[in-house]
Structures are given as C-alpha cells and as structure tokens.
Amino acid sequence: MAVSTTAVTAAAAGMPGERRGEGRRPGETDGPVGGGSPLGSFIGHAVLTLLSLACVLPIGWMYATSLRRPSDVYATSPLPWPLSVGNYRHAAEVIPIGPMLFNTFAVAALTALGQLLTGLLAAYAFAAWRFPGQRPLYLLFVGTWLVPFQVTMVPNYTLLLRLGLLNTLAGVVIPTLCTALSVLLLRQHMESFPKELLEAARMDGRSSWSVLWTVVVPNLRPALAALGIVLFINAWNEYFWPAMVLQRANSMIQLGLRGFLGGTEGNDWGGLMAASGLACLPIFALYVLLQRHIVSAFIHSGLK
Amino acid sequence: MSRIQIDGLTKCFSKVTAVDRVSLDINHGDFLVLLGPSGCGKSTLLRMIAGLIEPSSGRVLLDGRDVTFTPPRERDMAMVFQSYALYPHLTVERNIGFPLRSRRRPRAEIREKVREAAELLELADLLDRRPRQLSGGQRQRVAVGRALVRDPGAFLMDEPLSNLDAKLRTATRGQLRALHHRLGSTIVYVTHDQVEAMTMATRVAVLNAGRLEQVGSPTEVYDRPASAFVADFLGAPPMNLLPVRAESHSGRVRLFAPGIEVALWEAGDFPARDIVMGVRPEHLVTVPTTAESPMFRGRVETVENLGSEEVAQCAVGDATLLVRGPRPLGLRPGEQVAVDAAADRLHMFDQASGHRLRWRAPDVSPSPPASLSPPSSSPPSSPRAVFASRSARPV
C-alpha cells in the first residue's frame, strides 16, 4: 500500500527521480547500491575461481605427487591412486627430516617472537610517547627497510665470525631480531589505538610498562597474530642466510630440500614433494590456529 | 575530599596558548564546572590537573602539596573520560576493579568494593559483560564505578554525559548530583553544556580562549556576568547585547541607539561613550505601543514556539532584540512592538574589552566627573566591575 501511494504521489508531482523507478518491482531495489548485473557477478566469480585454482593447484599437485607410489611420481592424474606414503618414508631416509623441522620451527618461532617483541617496544615508544628527535629517528628506523640484505650480509657474517656464533642457530636468529616491518605495522596500529585508554590506565595507577602489557597488548592481539604469522612465514622460508651461517645441509628444512635436487640420477621429485609437503604443514597449522585474529586484523585495518 | 589549587597554570602548544595563566582555588567538596565553548582550553586544564599533560608554567597543589610534576598514578584523583575509556578486553567487574588491582589490594577487598560500587550504580547484573555489550548509559555508569571504587580525593570528569541522549543525560545529571551530595567529594567537571553547569555545579568557572572569564556560583555567573562573553555564553537564547551610546541628558544617565532610549538615574555630567548594553530575553516585557517611553521600539520579525514559551525576534534599529515569555506572547510577525525592562535587569559592558562596567560616582572632594569605568586590575575570578549605582542609587 505504501509503495503504491508513493508511486501515485510521485507521478502526480512529476518528480523525475521517481519516474525512473516506475515499472520496477519493489524487490529489485533492495540490493546493495552498485550491486551490478547478474552477468557481471558471474564474470567476477569466474575470475576469482580461476585465480583461486591457480593458487591452490600447485599445492594440491605437490601433495598429490607426494602421496603417489614412488614409481608413479610422473603420473598426471589429479588424484593419487593408489595412495602411498613411500615418498615420505624415502624422504625421511635421505634427510633427518624431524630434527630439521624442529630446528626450522625453533629458528622461525624465535625470530618471529623476537621481531614482535622489539617491534612492540619500539612501536609503543614511537606511538605513545613524545620525545625530541622522534620523527627523524622513526624515519631512520623505517629507512633500514630499504637497505638490501646483500649490503648487511657481509658485516653481519664478519660479526658472527668474531663472536663465535657461526654454525649455530643463535647466529641465524640474533641478527634478524629487529625488523622495520614490525615497527612500521605495529606503530600504525598503535596510532589508531584510543589514547584515552592509555590515559585511563595511567590514571588508574599503571606505569607505562604495565599499560603496555595489561592494556595495549591484549587489545592488539589480532594485529600481533597477523604480523606474527607473516614474520614466521618469512623466517620459515629463509634460505640464503641460514645457508651462509650454518654451512651444512642437514640443519634446516629449506637447506635439506636442496638435497633432492640435481642428484646424479636427476631430481628426486617424490622425496622433494614429500619433504616440501611436510615443510608446509606447520605454516598451515599456525594459520588455522590464528585465523580468527588474522581475519579480524585485516578487517579492522580495512575499516580504519 | 581534596582541595585543589591552581596557580597561574599555562599550557602552550608551539605558538598556540591553550591555557593562559589560570588560577583557581577548588575547595573541599566543591562541584566545580569548567564551562566554555569547544577549544577554550577546559579539557587541557583538566588534564593538567590530572597530570596527563605537563604545564608550560604554573603550579597545581593538592591539599597544599605541589603535584605539578607528579605522575597521575601518584595523585589521589580519578577521572571519567568523555569516551568512558573502558578496557574492551575486560568484563565490567574487572574494569571496575582495575584501579584496585593496580594498587595490589587483596582480592577479597577488590571483590567487596566492586560489589558495593556495582550495587550503588545498579550494575550488579552486568558484571560479567564486556563494554561492547553495554548501552551508552551503562558504560557511563561503569566508568563512574571505576572512578568511585578507588575512593579518590577528587573526581575529574571530562564531558562524561556528552555521548548520552537527552533523556538519559537528564537522568544521569540527577544521579551525579546525588552522588556528589552523598560522597561530598571534590569534583572538577568539564562541559560546554550550560544546563549541566547550571544544574550540577556549586561553582562555575567560565573559560574563553584559554583565559578564565569568571568564577562564581551558577546564580552569580548568570545574573551578574563579568563580561559580554559570559553574558552571551550563558542563557538560551543568549543575552541581548546592543551597542548604545551612554550620555548625560538633562542630568540623567541615558542610553541611546536607533529604536532604543533608556533613561537611568540622575548623574550630572560625564563624558559620553559607546558601550554595550545587555538584557536577557526573559527580562523583557512587551508594553502597549502607545506607552509613553518604552526602552525599545521595533518590529516583530519572527516568533518561535518553544512549547511552553515563545521567543520573538524583533528588529530594533539595526540590532536584533530577542523577547522570551510564556506562550502566547501575543506578538505576530510584522507588527510594531514596544518593549520594556526593569532598570536593574540591564547590564553594561565595555565595547572594546567586553568587561562589565560599573558606575563610579564622583567623589565629594574636587575630582574627575562621574564615569562608566571599565575594570581596573581586579582579578577576573571576582566580578571585574559592578554597576555600583544599582545598589547605591536605586532607580
């Protein structure tokens, strides 16, 4: 009734905007503004589906190959059948995969935690405090991101040599404990953190140190989780620096994977796929664990 | 209860002076409202009292102890913020108990005090909820509870009602008044809402551009504004401020402007000068246009219906005069109108400085003639000048 009354009134008043709506069924105007036509929606979904397949296919193929029988690694069927764990058994015989995964996990976790901690402290100082030279110092800090790894590689290596940290996991972790990425991202999040919360905590009797751990960190969990997984993946995928420092192939999984390539009988694809598949599992597990926080962080970042 | 003394407090942000040499003495149990328009420095002043901002100069004394550079946690003050600043990750119970945990009080004591505060503020059923699950009014009560639970020497409140709707604000005003009456605590309350100031304060401090314009009881600042700014800021609609010329005419003080002719007391000769005359809309009364000498003559332009009252906007010469009274006022747009007021309802302000003028009667001994004089070096906390003839020479 209301619709028809409006239509009659609009038509009688000769309102051009309303005339454009004549003949439409009421339900047709209920969609989101700019929702587009069904054809556009179909094309959009098709493109996204293709992109998703392009992302998922190599990973699916890796696991498919790893689960084939060793004699079937060159088979092209999308589903491995009959299933076999022979490649995994073979990979475990060729490299000490368990200790390698443990080492890699320990290095990646320590690196990510260290970078989170230093980033958190530096970002808190830059965001919550005002001190002379703050801006130039922050720009210098962020500017270190622009310095290529190759420039710092040799000095860091020399330093580790003098400190006697070559061939140790500590030597891999310590030079990477501070990264501009974590300072930059956490400062951005803290800048948008309500200042009144910090002031309220100070009025309620907390010191700056206590405010950080009892107010700021609990409310930055999504951002810390998202950044944590990015830092962990970066550290997990690192190849060159561990190879330089550790100087042996059986310490970390990325170095171990190299052992399946270019052997006297060519590449060992079955073992490589199985070891790679195992190397990806911790990352997947971490993502599943922190997924809720990560999605929340990205949503909030988008809204702010 | 604490006594807060502020001595010449100033805060400069690069080239901007947000608070300019403000001195105040806030007594035990005072409910002092810092009132002023946005950007006048009232929140900055409150934050300096709290210790959240370091002053550029001046001192803050708490019960005689200089706390100017003491960290907020070592001042015996609690603060309620405009946004309430509740910790989103904590339940209501843990929010209220937060200041006590900071002071490492025993768990049993914390539980007991939180329960008492929750019952007082009718939050007992909401203790397990998080702030996002509460309405605006409930959040505001939690913020008050968090301040209350500490039993501080003074409460600082930064526009705590500004996020509430009109009905809830009225109810909460009453609750805060009752709370102050019950606790007898010192409260410093920042607002730009004159209704909050008039209804809750025991004293009002009006700020303008970082400077203190006037301090006094709500009645004093409304009835005897120390400056044209205070006169204009307090009151809805605001006081009519009309530029007039004050001269001696037939031995009486007379104020002239197009459409305005006001005869005051006998005065003898004095130098004529331009001043600003103020009169509140509710102090004006309409008189028959045939009346012999009404103060104002003009034409009604609009009449606004406020429900129980009406406000008529009248053109008087080049100026606009607002007349407020019970509905119906009996005025219609376009008609001529004559308006009068009691002489003791008129206020005089210096045209240049805006300060209240007083009538300085001539001395008996040979001396300069009588004059309307602007204030001398009297402190702004007391009325800068009084129209002394009002009491000395009733009209």
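Since the structure is predicted, the reported quantities are computational estimates derived from the model, not experimental observations. (Residues numbered from 1 in each chain as written. Chains lettered and ligands numbered in written order. Predicted model: local features only at pLDDT ≥ 70, side-chain atom pairs only at ≥ 80, totals over all residues. Heavy atoms only, no water.)

### Quick look at the confidence of the model for chain A
Here chain A averages 84 in pLDDT, and 85% of its residues register 70 or above. Here residues 1–23 of chain A scores under 50 on pLDDT; set against residues more than four positions off or in separate chains, the count is 5 contacts. (pLDDT = per-residue confidence, 0-100. Contact = heavy atoms within 4.5 Å.)

### So, the packing of helix α5 (residues 97–128) of chain A against helix α11 (residues 208–219) of chain A
Residue and element names in this part refer to chain A. Where α5 meets α11, the axes come as close as 12 Å, and the angle between the chain directions of the two elements is 110°. With respect to α11, the axis of α5 lies roughly perpendicular. Crossing hand, α5 versus α11: right-handed. Across the interface between the two elements, Leu117, Leu120, Leu121 and Tyr124 of α5 pack against Ser208, Trp209, Val211, Leu212, Trp213, Val216 and Val217 of α11. (Axes fitted to C-alpha atoms, helices over the stretch in contact; angles between N-to-C directions. Helix = DSSP H or I, 4+ residues; strand = E, 2+ residues; numbered from the N terminus. Parallel < 35°, antiparallel > 145°, perpendicular 65-115°, else oblique. Left-handed = near helix turned anticlockwise from the far one by under 90°.)

### Details of the nonpolar core
Ile4(B), Leu24(B) and Leu45(B) are the most contacted members of the largest nonpolar core, which totals 81 residues. Looking at which element gives the most residues to this core, the answer is α5(A), with 10 residues. Sequence-distant contacts of Leu45(B), defined by excluding residues within four places in its chain, comprise Ile6(B), Leu9(B), Val19(B), Val22(B), Leu24(B), Leu34(B) and Leu207(B). Grouped together as the second largest cluster of nonpolar side chains are 43 residues, Leu121(B), Phe155(B), Leu179(B) and Val204(B) included. (Core = buried A, V, L, I, M, F, W, Y, C linked by side-chain atoms within 4.5 Å. Buried < 20%, exposed > 50% of the residue type's maximum accessible area, 1.4 Å probe, protein only.)

### Observations concerning the pairing of strand β6 (residues 77–80) of chain B
All names here are of chain B. Here β6 shows two buried faces, one formed by Met77 and Met79 and the other by Ala78 and Val80. Taken together, the 4 bridges between β6 and strand β7 (residues 154–158) define a ladder with parallel strand orientation. Each bridged residue has a counterpart across the sheet, and for methionine 79 the counterpart in β7 is leucine 156. (Pairing = 2+ DSSP bridges.)

### Examining the sheet that holds strand β2 (residues 16–26) of chain B
All names here are of chain B. In space, the 4 strands of this open sheet follow the order β2-β1-β4-β5, with antiparallel pairing throughout. The sheet terminates laterally at β2 and β5 (65–66), the two strands that pair on one side only. Pairing of strand β4 (residues 57–62) with β5, which is carried by 2 bridges, proceeds in the antiparallel orientation. Note that in β5 the partner of leucine 62 across the bridge is arginine 65. Along the sheet face, helix α1 (residues 42–50) touches β1 (4–13), β2 and β4 and points at about 120° away from the line of β1.

### Structural notes on the layout of surface pockets
Residues and elements named next belong to chain A. Here the second largest pocket is characterised by a volume of approximately 860 Å³. Along the wall of the second largest pocket there are 27 residues; nearest its centre are Gln115, Pro175, Thr176, Cys178 and Thr179. For the lining of the second largest pocket, the secondary-structure elements that each account for two or more residues are α5, α7 (149–163), α9 (180–191), α12 (221–237) and α13 (240–246). Counting residues per element, the lining of the second largest pocket draws most heavily on α12, which supplies 4 residues. (1 Å grid on protein atoms, 1.4 Å probe; cavity = no way out; pocket = protein on both sides within 12 Å on 5 of 7 lines; lining within 4 Å. Points joined across faces, edges and corners; volume = space filled by probe spheres on them.)

### Comments concerning empty space enclosed by the protein
All names here are of chain A. By the definition in use, this model includes 1 cavity of 30 Å³ or more. Tyr124, Ala127, Ala128, Met190, Phe193, Lys195, Leu198 and Val216 together form the lining of the largest cavity. Every element with two or more residues in the lining of the largest cavity is listed here: α5 and α10 (195–203). A total of 3 residues in the lining of the largest cavity trace back to one element, the largest contributor, which is α5. Grouping the amino acids of the lining of the largest cavity by side-chain chemistry returns 7 nonpolar, no polar and 1 charged. (Nonpolar A, V, L, I, M, F, W, Y, C, P; charged D, E, K, R; others polar.)

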